[in-house]
Amino acid sequence: MGKPGLRPIDELVRLAIIGDGAAFTELWDTNIDALRTYIKGTMKSLDDFYVDDICSKSFEKAFRQIGTYDPAKSRFATWLRTIARNTALDLIEQESRLRKKYVSIDDGGGEMFAIESIGDEADTALETIIKDEDAGTVDKYIDGLPELYREIARLRLVEAWSYKEIADKLSLELNTVRTRIRRAKAMIEKMKDD
């Protein structure tokens, strides 16, 4: 593996399948550079923003679908690249559909792209419920998260910081913040159901 101290991929996948968010984060750390390189190499027309967005969305899909991964059929990196390729093709198709709706006012013949907002997503139902709960209950859920997610969850769900503010404060990429917040919300949702 490229980074010291990380566990073998098969063990990380096994732990991620049983819901270990920290193991999935290690899978991210182990595979993100290779995935970026793969996307940049195969989809040369995409800028860094789209590459990062595809990586984030691909890992989110992999996190939700980790139970369907079969190591007998392919390596984890191959499975992840397949998800990323399909995500990239979906994004390009969406962009193409949106581009048809725009009319150039300068008739310069340049391509026009719809810019996907990287701002905060609207509050989810979970965020609304958390805002309505007392501080002690919210703290209990956040304290139950793995350490990697606690500060980000507290900043977003308790202090209502924007994704960009969190990224700046913690010196993280915006897509990393978005992914970790999604995972924290999923873990809190699971705690609420238990």
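Here the structure is a predicted model, which is why all the values come from computation and not from measurement.

Visitor: What's the story with helix H7 (residues 147-158) in this structure? I'm lost.
Guide: Structurally, the α-helix is built with 3.6 residues per turn, so residues lying three or four positions apart point the same way. Taking 1.5 Å of rise per residue, 12 residues should cover 16 Å, and H7 covers 16 Å from first to last C-alpha, within 8% of that figure. The positive-phi residue at the C-terminal boundary of H7 is Ala160, with phi of around 60 degrees.

Visitor: For this particular structure, what's the right way to read the packing of aromatic side chains?
Guide: In this description, a pair of aromatic rings is defined by centroid distance and the angle of the planes. For the structure shown, the criterion picks out 7 aromatic pairs. Taking the centre distance of 5.7 Å and the plane angle of 45 degrees together, the rings of Phe76 and Trp79 count as tilted. Residue Phe76 and its partner Trp79 are located together in helix H4 (residues 76-99), separated by 3 residues, close to a single helical turn. Note on Phe76: relative accessible area 2%, which makes it buried. Of the aromatic side chains, those joined through ring pairs into one cluster are Phe24, Trp28, Phe59 and Phe63. In this arrangement the basic side chain of Lys140 is found over the ring face of Tyr141, its NZ or CZ atom lying 5.1 Å from the centre. The cationic tip of Arg183 hangs over the ring face of Phe63; the distance from NZ or CZ to the ring centre is 5.6 Å.

Visitor: Would you explain the confidence of the model for the protein in this entry?
Guide: For any part of a model where pLDDT is low, the fine detail of the predicted coordinates should not be relied upon. Looking at the protein as a whole, the pLDDT averages 77, with 76% of positions reaching at least 70. Counting contacts from residues 1-6, a segment whose pLDDT is below 50, to residues more than four positions away or on other chains yields 9 contacts. The low-confidence segment residues 103-126, where pLDDT is below 50, has 33 contacts with residues more than four positions distant or belonging to other chains.

Basis of the calculations
Residues numbered from 1 in each chain as written. Predicted model: local features only at pLDDT ≥ 70, side-chain atom pairs only at ≥ 80, totals over all residues. Heavy atoms only, no water. Helix = DSSP H or I, 4+ residues; strand = E, 2+ residues; numbered from the N terminus. Expected span 1.5 Å × (residues − 1). Phe/Tyr/Trp six-rings, centres within 6.5 Å; stacked < 30°, edge-to-face > 60°. Buried < 20%, exposed > 50% of the residue type's maximum accessible area, 1.4 Å probe, protein only. Lys NZ or Arg CZ within 6 Å of the ring centre and 35° of its normal. pLDDT = per-residue confidence, 0-100. Contact = heavy atoms within 4.5 Å.

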